[in-house]
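Residue-level structure breakdown
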Amino acid sequence: MGIRDLFEKLSLESELDERLVPRHIAITVRGTQQYAELNNLSATDANKVKFLHIKNVVKLASKAGVKILTIHLHDELKEDELDFLSHFCYELRDWDYLQEENMKISVLGKWFLLSSRVVEPLKDLINATKDNKKFMLNLCINYDGQQELIDACKLISQKALMGKLDPQNISNNTIKEHLYTSNFPSPELIITTNDAKTTEGFLLWDGAKSKIFSCPVSWPDFGRQEIMNALEWYMKG
C-alpha cells in the first residue's frame, strides 16, 4: 500500500511505517503576498489565512506519523501580523485537537523581545502545553539562524570564561546543547514553500544534513497533496 492510500485512512499514524516517516519535519512559511494577489485578498485577510493554516498543516503532519513539526514564520512580523498572532495563540490553546494529540508547543527565536501583546499570549500557550509529550509543534518567531549560532557561541564563551567548560572539549554536541533547538533532534526533512531554493538560514546548524524539498506552492496553498509529495520524495531516499 502506498502513502497516498494510507493518507485516506483515519488511523494514519498506526498504518505508516515509522521507520520511513521522518520524525521531525520543518517547513518555511512563504508566499503569503503572492497568495493575496492571486486570490484578490487584502494583506490583512491573507495574513489571517497564514496563521489559521498552521492548524491544517499540524493535522496533516500528525496524521502522517510525524512527531515534531517546526514552522518558520517570517523573520520580522508586521504590526497586523502581531495582532493575528496574539489572537491565534489563544485559538491554538483552546483547540480541541491540541488536547487530543497531547501537543506541546515551543517558541524559538527572539520572540520575547516583541510587544507584550504577543509575548504574554505566547507565554500562556507554552505554559498550557508544557507537560504534553505526544506531538511537538515549534513556532519560529522573530527567528534568525545566524543569530541562533551567535547566541550559542556567547553562552559557550561565558561558560569557558567562568571555568565551567574547557574550550578544548567543545564539540558538535556542545553547540547543539546551546541552541534554541537543544531539546529536540534535527529535522530529517525541511520543506520550503513558494518554490524557494534556499532555507534562508532556517535551522542553520540543525539543517546541515537535512533533505530539502522545494514545494512550488505558497504556504496558504500547502495542503494534503503537497505534504504527500514531500513525504514520497523523502521516502524514496
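Basis of the calculations
Residues numbered from 1 in each chain as written. Predicted model: local features only at pLDDT ≥ 70, side-chain atom pairs only at ≥ 80, totals over all residues. Heavy atoms only, no water. Salt bridge = Lys/Arg side-chain N within 4 Å of Asp/Glu carboxyl O. Buried < 20%, exposed > 50% of the residue type's maximum accessible area, 1.4 Å probe, protein only. Axes fitted to C-alpha atoms, helices over the stretch in contact; angles between N-to-C directions. Helix = DSSP H or I, 4+ residues; strand = E, 2+ residues; numbered from the N terminus. Parallel < 35°, antiparallel > 145°, perpendicular 65-115°, else oblique. Left-handed = near helix turned anticlockwise from the far one by under 90°. Contact = heavy atoms within 4.5 Å. Disulfide = S-S within 2.5 Å. Pairing = 2+ DSSP bridges.

Counted under the stated rule, the structure contains 13 salt bridges. A salt bridge links Arg93 to Asp94, with the nearest nitrogen and oxygen atoms 3.1 Å apart. Residue Lys197 is joined to Asp195 by a salt bridge in which the shortest nitrogen-to-oxygen separation is 3.0 Å. According to the relative accessible area criterion, Lys197 is exposed, its value standing at 68%. For Asp195, a relative accessible area of 37% puts it in the partly exposed group. Sharing partners across several salt bridges, the network here consists of Glu79, Asp83 and Arg117.

Another aspect to go through is the packing of helix α5 (residues 79-93) against helix α7 (residues 116-129). As a packed pair, α5 and α7 sit with axes 9 Å apart at the nearest point and diverge in direction by 25°. Judged by the angle between their axes, α5 and α7 are roughly parallel. As for the relative orientation of α5 and α7, their crossing is left-handed in sense. Touching Glu79, Leu82, Asp83, Leu85, Ser86, Cys89, Tyr90, Leu92 and Arg93 of α5 are Arg117, Val118, Pro121, Leu122, Asp124, Leu125 and Ala128, all from α7.

To continue, consider the state of the cysteines. By the definition in use, this model includes 0 disulfides. With no disulfide of its own, Cys153 has Cys140 as its nearest cysteine by sulfur position, at a separation of 18 Å. Cysteine Cys215 remains unbridged, with the sulfur of Cys140 as its closest cysteine sulfur at 18 Å.

To continue, consider the side chain of Glu101. Structurally, Glu101 can be placed in the loop between α6 (96-100) and β3 (103-108). Contact partners of Glu101, with chain neighbours within four places excluded, come to Ser62, Lys134 and Phe135.

Moving on to the sheet that holds strand β4 (residues 135-140). Spatially, 6 strands are ordered β3-β4-β2-β1-β5-β6 in an open sheet, and the strand pairing comes out parallel. One side of each edge strand has no neighbouring strand; the edge strands of this open sheet are β3 and β6 (211-214). Averaged over all adjacent pairs, the angle separating strand axes in this sheet is 20°, with direction ignored. Where β3 and β4 come together, 6 bridges link them in parallel fashion. Among the inter-strand pairings, Leu108 is bridged to a residue of β4, identified as Cys140. Its contacts with the sheet put helix α10 (residues 224-235) on β1 (24-28), β5 (189-192) and β6, and the angle it makes with β6 is roughly 145°.

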